[in-house]
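Read off the chains here:
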Amino acid sequence: MGPQILNKFYSCTIESILTGCITTWYGNCLASNRKVLQRVVRTAQYITGAKLPAIQDLYTRQCQRKALKIVKDSSHPSHRLFALLPHGKRYRSAKSSNLPRCKQVLPPSLLFSECSSE
């Protein structure tokens, strides 16, 4: 098979499975589990012969997408958690307590503060 077909197969199946609810589970994933997931991506990269995004990059991209959807939807329950900084270019990071990450109520996608406004 050609590299374009293999790359399309990866993005449509394997990447789709990896990114399903990644914003929920990846932030609380153990480092050993992240290495195993990255090994899946490296194996797919070897098979397709194309450069593929790392699992961390997939997580970052999905978090940004989720955050932007929340910002655009004023009826979303978490919409009020996003407030623009005074210069209007970036959003204020979510306030959280000193509780361990596993005890926090906010999902990791809302703690991701590097989303920029459009």
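You'll find the structure just up there.
Residues numbered from 1 in each chain as written. Predicted model: local features only at pLDDT ≥ 70, side-chain atom pairs only at ≥ 80, totals over all residues. Heavy atoms only, no water.

Attention now goes to the side chain of threonine 48. Its location among the elements puts threonine 48 in helix 3 (residues 31-48). A polar contact of 3.3 Å, which involves the side chain of threonine 48, links it to the backbone nitrogen of alanine 50. For threonine 48, the residues in contact, after removing those within four places along its chain, are Pro3, Leu6, Asn7 and Tyr10. (Helix = DSSP H or I, 4+ residues; strand = E, 2+ residues; numbered from the N terminus. Polar contact = N/O pair within 3.5 Å; in protein donor to acceptor, adjacent residues only side chain to side chain. Contact = heavy atoms within 4.5 Å.)

Where helix 1 (residues 3-19) meets helix 3, the axes come as close as 9 Å, and the angle between the chain directions of the two elements is 165°. On the basis of the axis angle, helix 1 is roughly antiparallel to helix 3. Considering how the two elements wind past one another, helix 1 and helix 3 form a crossing that is right-handed. Facing Pro3, Leu6, Asn7, Tyr10, Ile14 and Leu18 of helix 1, the residues of helix 3 in contact are Leu37, Val40, Val41, Ala44, Ile47 and Thr48. (Axes fitted to C-alpha atoms, helices over the stretch in contact; angles between N-to-C directions. Parallel < 35°, antiparallel > 145°, perpendicular 65-115°, else oblique. Left-handed = near helix turned anticlockwise from the far one by under 90°.)

Another point: unusual backbone geometry. Leaving glycine aside, a negative phi is the common case for residues, and trans is the common case for peptide bonds. Of note, the phi angle at cysteine 21 is positive, near 60°, even though the residue is not glycine. Mapping cysteine 21 onto the fold places it in the loop between helix 1 and helix 2 (22-25).

What follows deals with the nonpolar core. The biggest cluster of nonpolar side chains holds 13 residues, and the ones touching the most others in it are Tyr10, Leu18 and Ile55. Elements with a minimum of two residues in this core: helix 1, helix 3 and helix 4 (55-72). Counting five residues, the second-largest nonpolar core is a separate cluster that includes Ala67, Val71, Phe82 and Tyr91. (Core = buried A, V, L, I, M, F, W, Y, C linked by side-chain atoms within 4.5 Å. Buried < 20%, exposed > 50% of the residue type's maximum accessible area, 1.4 Å probe, protein only.)

Once that is clear, we can look at helix 3. End to end, helix 3 covers 26 Å across 18 residues, agreeing with the expected 26 Å (1.5 Å per residue, within 8%). Within helix 3, the full set of buried residues consists of Leu37, Gln38, Val41, Ala44 and Thr48. Projected down its long axis, helix 3 shows its buried positions confined to an angular sector of 110°, all on one face. Exposed residues lying more than 90 degrees from the buried face of helix 3 are Ala31, Lys35, Tyr46 and Ile47. Buried-residue contacts for helix 3 involve helix 1, helix 2 and helix 4. Backbone geometry just after helix 3 places glycine 49 at a positive phi near 75°. (Expected span 1.5 Å × (residues − 1). Arc of directions from axis to C-beta.)

Right, let's get into the packing of aromatic side chains. In this structure the tally under the stated criterion is two aromatic pairs. On the numbers, 6.1 Å between centres and 70° between planes, the contact of tryptophan 25 with tyrosine 26 is edge-to-face. Where tyrosine 26 meets tyrosine 59, the ring centres are 4.8 Å apart and the plane angle is 40°; that geometry is what we call tilted. Note that tyrosine 26 is positioned in the loop between helix 2 and helix 3 and tyrosine 59 in helix 4, a separation of 33 residues in sequence. The class of tyrosine 26 is buried, set by a relative accessible area of 4%. Residue tyrosine 59 is classed as buried on the basis of its relative accessible area of 7%. (Phe/Tyr/Trp six-rings, centres within 6.5 Å; stacked < 30°, edge-to-face > 60°.)

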